[in-house]
2 protein chains.
Amino acid sequence: MYIKKTTPTLNCGLDLVGEVLYGKWKIRILWFIHNGNVRPSELQRKIPDVTRRVLNVQLKELEDHELVTKTIYPVLPPKVEYRLTEFGKTLIPLIQSIGLWGDEHQERLRRVILKTNGKLDLDDVPVS
Amino acid sequence: MYIKKTTPTLNCGLDLVGEVLYGKWKIRILWFIHNGNVRPSELQRKIPDVTRRVLNVQLKELEDHELVTKTIYPVLPPKVEYRLTEFGKTLIPLIQSIGLWGDEHQERLRRVILKTNGKLDLDDVPVS
DNA sequence: CCGGATCCTCTGAGATACTG
DNA sequence: CAGTATCTCAGAGGATCCGG
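Residues numbered from 1 in each chain as written. Chains lettered and ligands numbered in written order. Predicted model: local features only at pLDDT ≥ 70, side-chain atom pairs only at ≥ 80, totals over all residues. Heavy atoms only, no water.

**Quick word on the UniProt feature "domain: HTH hxlR-type" (unreviewed entry) in chain A**
Look at the UniProt record and you will see "domain: HTH hxlR-type" (unreviewed entry) annotated at residues 12-110 of chain A. Along residues 12-110 of chain A one finds 60% helix and 12% strand; the C-alpha atoms at either end are 31 Å apart. (UniProt positions renumbered as here; feature names shortened; annotations may be inferred. Helix = DSSP H or I, 4+ residues; strand = E, 2+ residues; numbered from the N terminus.)

Shown next as structure tokens:
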């Protein structure tokens, strides 16, 4: 899940949040970082579908938006760590609530999503 | 602000929420509908930047996902009303929390967003 | 282990015009 | 007032390769 940039006019709080959370993997990244320092390679293992390039791009944006900080250790092999800023941490409860809501309504959500996507499991559909 | 479809594998609640909230205007639509019945023309006045086509597409998806219901009155001129389902209503507190967080951190958010976008309001910048 | 640069794909969403 | 059909396009994000 991710939130995407949209509004030309940034009036309400909802718009502003959209700006900083925009990006396909932002929310997941924040979630995985939320308890401790994380290295890029760990992140990639946790989120296997994202490529390194995109991961870096989105981390950079999160950094620019002051939600995470990046620490570079001048060692060999290179070591980099990300962690949430205090500001970033204030976002975690929200992400958690959203995740909880999703968990609570998991069955219904799966049902309506499947219904809509038309990705019915053809395996289960009788030919009749 | 909007949440976009993403995850091929729908494992956690976060992913599921992403599926149903995916769409550039979904969250705003839900927000505007959240206290009462709303007609398409009203929605468009509230969200002037969206086109009728896209509005219809997203409303249809919200309907398919059982977050809103559509009522068609067989009268002339045509009259249509949308309202939240009970399921849809359970989502409102989350949207509200996000909006509140955005409002609370409004100034900081504007700052970092402007900094990043580089879209400084040239009007307000003294020539000096 | 880490990041950056290039190239390419794909699809959501805008514009427009037409019907009931 | 409400809905649908085409056409088009930007740009987010994926694939790959290379360099420190």
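Now that the structure has been shown, we can carry on.
**Some details on the packing of helix H6 (residues 92-104) of chain A against helix H1 (residues 13-21) of chain B**
At a minimum axis separation of 7 Å, H6(A) and H1(B) run at an interaxial angle of 85°. In this view, H6(A) runs roughly perpendicular relative to H1(B), as classed from their interaxial angle. Between H6(A) and H1(B), the contacting residues are A:Ile95, A:Ile98, A:Gly99, A:Trp101, A:Gly102 and A:Asp103 on the first element and B:Gly13, B:Leu14, B:Leu16 and B:Val17 on the second. Looking at the contact of H6(A) with H1(B) residue by residue, the class counts come to 6 nonpolar, 3 polar and 1 charged. (Axes fitted to C-alpha atoms, helices over the stretch in contact; angles between N-to-C directions. Parallel < 35°, antiparallel > 145°, perpendicular 65-115°, else oblique. Contact = heavy atoms within 4.5 Å. Nonpolar A, V, L, I, M, F, W, Y, C, P; charged D, E, K, R; others polar.)

**Quick look at the environment of B:Gln44**
Residues and elements named next belong to chain B. Within the fold, Gln 44 resides in helix H3 (residues 40-46). On the accessibility criterion, Gln 44 (25% relative accessible area) is partly exposed. Along the sequence, Gln 44 and Trp 101 sit 57 residues apart, while their C-alpha atoms lie 26 Å from each other. Excluding residues within four positions of it along the chain, Gln 44 makes contact with Val 50, Thr 51, Arg 52 and Leu 55. Polar side-chain contacts of Gln 44 include one of 3.4 Å to the backbone oxygen of Val 50. (Buried < 20%, exposed > 50% of the residue type's maximum accessible area, 1.4 Å probe, protein only. Polar contact = N/O pair within 3.5 Å; in protein donor to acceptor, adjacent residues only side chain to side chain.)

**Some details on the protein's contact with DNA strand C**
Around DNA strand C, the surrounding shell holds 21 residues, and the nearest of these are A:Ser41, A:Lys70, B:Tyr22, B:Lys24 and B:Arg53. The share of sugar and phosphate among atoms of DNA strand C within 4 Å of the protein is 71%. A distance of 3.5 Å separates a phosphate oxygen of DNA strand C from a polar side-chain atom of A:Arg52. At a separation of 3.4 Å, a phosphate oxygen of DNA strand C approaches a polar side-chain atom of A:Asn56. Looking at the surface near DNA strand C residue by residue, the classes come out as 10 nonpolar, 5 polar and 6 charged. (Near = heavy atom within 4 Å.)

**Overview of the packing of H6(A) against helix H6 (residues 92-104) of chain B**
Two elements in contact, H6(A) and H6(B), have axes separated by 10 Å at closest approach and are oriented at 170°. Taken together, the axis directions place H6(A) and H6(B) in an arrangement best described as roughly antiparallel. Together, A:Leu94, A:Ser97, A:Ile98 and A:Trp101 of H6(A) and B:Leu94, B:Ser97, B:Ile98 and B:Trp101 of H6(B) make up the contact between the two elements. Within the contact of H6(A) with H6(B), the residues separate by chemical class into 6 nonpolar, 2 polar and no charged.

**Let's talk about the protein's contact with DNA strand D**
Close contacts around DNA strand D come from 20 residues, with A:Tyr22, A:Lys24, A:Arg53, B:Ser41 and B:Lys70 the closest. Sugar and phosphate atoms form 70% of the subset of DNA strand D atoms that lie within 4 Å of the protein. Here a sugar or linking oxygen of DNA strand D sits 3.4 Å away from a polar atom, N or O, in the side chain of B:Arg39. Here B:Arg53 contributes a side-chain N or O atom positioned 3.5 Å from a base oxygen of DNA strand D. Within the residue set of the surface near DNA strand D, elements represented by two or more residues are helix H4 (52-64) of chain A together with H3 and helix H4 (52-64) of chain B.

**Digging into helix H7 (residues 106-117) of chain A**
The end-to-end C-alpha distance of H7(A), which contains 12 residues, comes to 16 Å, matching closely the 16 Å that a straight helix rising 1.5 Å per residue would cover. Taken together, the buried positions of H7(A) are occupied by A:Leu109, A:Val112 and A:Ile113. Burial along H7(A) is one-sided: seen end-on, the buried residues are contained in an arc of 100°. Contacts from the buried residues of H7(A) go to H6 of chain A together with H1, H4 and helix H5 (86-89) of chain B. (Expected span 1.5 Å × (residues − 1). Arc of directions from axis to C-beta.)

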